[in-house]
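Given next are the chains, with one letter for each unit.
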Amino acid sequence: MEPPHLHVFFFPFMSPGHLIPMVDRARLFAIHGVKSTIITTPLNLSRFRSIIDRHNCSSDYVPIDLHVLDLPFSAAGLPENCENLDSLPSRLMSYNFSKAIMMLRPPSSDLVRRHRPDAIISDLNLPWTAEIAREHGIPRIVFNGGCCFSLSVIDGVARHKPHENISSDTEPFLVPGLPDPVFITKSHMPERFFGNLGLHEFFKSFMEAERNTYGVVANTFYEIEPEYVEHYKKITGKKVWPVGPVSLCNKKALDMAERGNKASIDKERCLTWLDSKKPNSVLYVSFGSLCTFSQSQLLELGLGLEASNHSFIWVIRDHQELGFALKDFEERVRDRGLIIRGWAPQVLILNHEAVGGFMTHCGWNSVLESVSEGVPLITWPLFAEQFYNENFVLHRLRIGVGIGVQSGLAWGEEESSDVLMEKDQIAEAVTRLMSDGEIVEEMRKRANRLRDIARSAVEKGGSSHVSVGLLIEDLLNQREERLAREH
Ligand SMILES: O=c1ccn([C@@H]2O[C@H](COP(=O)(O)OP(=O)(O)O[C@H]3O[C@H](CO)[C@@H](O)[C@H](O)[C@H]3O)[C@@H](O)[C@H]2O)c(=O)[nH]1
């Protein structure tokens, strides 16, 4: 008799930059013949339900199971229906959000006891999943969102503390112990991100849990950062499986359009607009799922895009207060600009040949999605490890133009009226990337080469495809050993 499919529980963290790649990963494993179960909350499920339903309709794949847990809003002091980091009324509530997530431990443990999966793949931000795995004698594989380069820089800073002798926020210093010389400044360090919201203690528990984890699954591909994948294995002493770019498992237009949420623009309207533009002529402008600019910064951004004279798609989050009349702006830029207020079908847009540049905050998913489509970037990092991702894009991949921002925002500082970048600086960066010229031509060639390598990595026999197979094999061996122990 055939042994049962390997059964893996996937626990995503409730923030788009973490939820989306985890759902992709669960699908990837199901495509490889694993019985995947995603555990999430009702409103988060509604963001990706349609993709799972389509997946489950296909007779080629093992269907994906879903378990829904209610988030204890009132016990954690959160407003009703606040199930995702992107829907917090204020970032000052991040602490309550983390508390609510910690409270999911008992019902999650109960699910594991009842369904007895063979392994857990869970987000770095859910440290209690490591304890549950240990209690049930199964391996936990951690997913920490970023690339091995940034994780290695974070580790290098924590280990060697090179910033401690530096007084200036803007003086570059070397991070020791890395495969090549990496310079950062104090104002680029993600520690700022945690501000004073009491999140450090949660962060410590994530790192502690990571140390007690069986291995790491990363949304990257080996060829984009071979030295850093090896380095990360060495410093953590863990097995590391690079299985990305996971976004490439969304091959159908509808899956691309509905990835992460239902898009706020009709897919056909978006494609028709893009079809009317020349190849590589459109700049896509989006700052991920969490960033909120000050009203004055948003205005400068609009004026900069207007002044650049290039075509653009500009995504403005619906939580974002505008401070200017969008209608007037749209009338001025006319057909040169398409504004999406809310959720954009990002992967579908980047996939279109008219898109020739991406102005981004350098969230790792956005960087990798751009790389997967051969689109060079204008880098405008804001917080977390985004400055390190920028460093990787500009100095290692050499597929981007830096906008020149010196320092980021701390979590909770979005209300400030600061203008980080003025309209002329913005227009200048757009012109540098979107105008023809030898330097940009070379950049495009490098980006296209990386796109081809990324796509080969996820095809049969490619490095990421092989890596998924090796991870599954490892987990099957773990299961056999566990069953032998139990009998
Ligand atoms: O309108 C939108 C906005 C976002 N996205 C998707 O949402 C994800 C956003 O992820 P990312 O680009 O990584 O940005 P953040 O949401 O800001 O990600 C957080 O998580 C990342 C992974 O850990 C970190 O690299 C970032 O610093 C952190 O801010 C991507 O898949 C996008 O395709 C859309 O599809 N439509």
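Up top you'll find the structure we're talking about.
Since this is a predicted model, take the numbers as computed values, not measurements.

**Section: the pattern of salt bridges**
Reasoning step 1: Considering all chains together, one arrives at 27 salt bridges under this definition.
Reasoning step 2: A salt bridge links E268 to K267; its shortest N-O distance comes to 2.9 Å.
Reasoning step 3: Salt bridges linked by common partners bring R116, D118, R479, R482 and E486 together as one network.

**A word on the site of the ligand**
Reasoning step 1: The local shell around the ligand holds 22 residues, among which S289, A344, S366, E369 and E385 are the closest.
Reasoning step 2: At 2.8 Å from an oxygen atom of the ligand is found a side-chain nitrogen or oxygen belonging to N365.
Reasoning step 3: Contact between the ligand and Q386: an oxygen atom at 2.9 Å from a side-chain N or O atom of the residue.
Reasoning step 4: Relative to its free-state accessible area of 690 Å², the ligand is covered by the protein chains to the extent of 96%.
Reasoning step 5: Of all elements in the fold, only α1 (16-31) and α15 (364-372) reach the threshold of two or more residues within the shell around the ligand.
Reasoning step 6: With 4 residues, α15 is the single largest residue contributor to the shell around the ligand.
Reasoning step 7: A class-by-class count of the residues in the shell around the ligand yields 7 nonpolar, 12 polar and 3 charged.

**Here we look at the pairing of strand β9 (residues 239-242)**
Reasoning step 1: Bridge count for strand β8 (residues 215-218) against β9 is 4 bridges, and the pairing is parallel. Paired with G215 across the two strands is K239, which belongs to β9.
Reasoning step 2: The handedness of the β8 to β9 crossover, carried by helix α9 (residues 226-236), is right-handed.

**Overview of the side chain of N391**
Reasoning step 1: Its location among the elements puts N391 in helix α16 (residues 386-397).
Reasoning step 2: The exposure class of N391 is buried, given its relative accessible area of 10%.
Reasoning step 3: For N391, the residues in contact, after removing those within four places along its chain, are F149, V182, F183, I184 and R396.

**Notes on the sheet that holds strand β14 (residues 377-379)**
Reasoning step 1: Pairing in this open sheet of 6 strands is parallel, and the strands run β12-β11-β10-β13-β14-β15 from one edge to the other. Either end of the sheet is taken by a strand with one partner, and the two such strands are β12 (337-341) and β15 (400-402). On average, adjacent strands in this sheet sit at an angle of 15 degrees to one another, irrespective of strand direction.
Reasoning step 2: Note: β14 against β15, 3 bridges, orientation parallel. Opposite I378, over in β15, you have V401 as the bridge partner.
Reasoning step 3: Here helix α17 (residues 423-434) sits on the sheet and contacts β10 (282-286), β13 (355-360), β14 and β15; the angle it forms with β13, its principal contact strand, is near 145 degrees.

**Some thoughts on the nonpolar core**
Reasoning step 1: Grouped together as the largest cluster of nonpolar side chains are 118 residues, with contacts concentrated most on L301, W314, M359 and W380.
Reasoning step 2: With 6 residues, the single largest contributor to this core is α16.
Reasoning step 3: Those residues within four positions of M359 in sequence are excluded, and the remaining contacts are L283, Y284, V285, S286, F287, L301, I378, W380, I403, I426 and V430.
Reasoning step 4: V8, L45, I141 and V243 belong to the second largest nonpolar core, which has 29 residues in total.

**Quick look at helix α13 (residues 326-333)**
Reasoning step 1: Burial in α13 covers these residues: L326, F329 and V333. Viewed end-on, α13 has its buried residues packed into an arc of 60 degrees, placing them on one side of the element. Opposite the buried face of α13, by more than 90 degrees, sit the exposed residues K327 and E331.
Reasoning step 2: Summarising the contacts, the buried residues of α13 are in contact with α12 (295-308), β11 (311-316) and β12.
Reasoning step 3: Downstream of α13 by one or two residues, R334 has phi in the positive range, about 50 degrees.

**Considerations on the sheet that holds strand β1 (residues 7-11)**
Reasoning step 1: Spatially, β3-β2-β1-β4-β5-β8-β9 is the arrangement adopted by the 7 strands of the open sheet, whose pairing is parallel. This sheet does not close on itself; its edge strands, each paired only once, are β3 (65-68) and β9. When the angles between neighbouring strand axes are averaged without regard to direction, this sheet yields 25 degrees.
Reasoning step 2: The sheet contact formed by β1 and strand β4 (residues 119-123) spans 4 bridges and is parallel. Note that in β4 the partner of F11 across the bridge is S122.
Reasoning step 3: In the packing of helix α19 (residues 463-486) onto the sheet, the strands contacted are β1, β4, β5 (140-143), β8 and β9, and the crossing angle to β9 comes to about 140 degrees.

**Some remarks on the packing of aromatic side chains**
Reasoning step 1: Scanning the entire structure with this criterion turns up 16 aromatic pairs.
Reasoning step 2: Summarising the aromatic geometry, the rings of F149 and Y228 are spaced 4.9 Å apart at their centres and angled 75 degrees between planes, so their arrangement reads as edge-to-face. Of this pair, F149 sits in helix α7 (residues 148-160) while Y228 is found in helix α9, placing the two residues 79 residues apart along the sequence. For the pair formed by F149 and Y228, the shared burial category is buried.
Reasoning step 3: Ring geometry for W364 against F392: centres 6.0 Å apart, planes inclined by 55 degrees, an arrangement best described as tilted. Of this pair, W364 sits in helix α15 while F392 sits in helix α16; the two residues are 28 residues apart in sequence, bridging distant segments of the chain. For the residue pair W364 and F392, the accessibility class agrees, reading buried in each case.

The rules behind each value
- Residues numbered from 1 in each chain as written.
- Predicted model: local features only at pLDDT ≥ 70, side-chain atom pairs only at ≥ 80, totals over all residues.
- Heavy atoms only, no water.
- Salt bridge = Lys/Arg side-chain N within 4 Å of Asp/Glu carboxyl O.
- Near = heavy atom within 4 Å.
- Polar contact = N/O pair within 3.5 Å; in protein donor to acceptor, adjacent residues only side chain to side chain.
- Areas by Shrake-Rupley, 256 points an atom, 1.4 Å probe, with all protein chains shown as cover.
- Helix = DSSP H or I, 4+ residues; strand = E, 2+ residues; numbered from the N terminus.
- Nonpolar A, V, L, I, M, F, W, Y, C, P; charged D, E, K, R; others polar.
- Pairing = 2+ DSSP bridges.
- Right-handed = clockwise from strand over helix to strand, strands pointing away.
- Buried < 20%, exposed > 50% of the residue type's maximum accessible area, 1.4 Å probe, protein only.
- Contact = heavy atoms within 4.5 Å.
- Axes fitted to C-alpha atoms, helices over the stretch in contact; angles between N-to-C directions.
- Core = buried A, V, L, I, M, F, W, Y, C linked by side-chain atoms within 4.5 Å.
- Arc of directions from axis to C-beta.
- Phe/Tyr/Trp six-rings, centres within 6.5 Å; stacked < 30°, edge-to-face > 60°.

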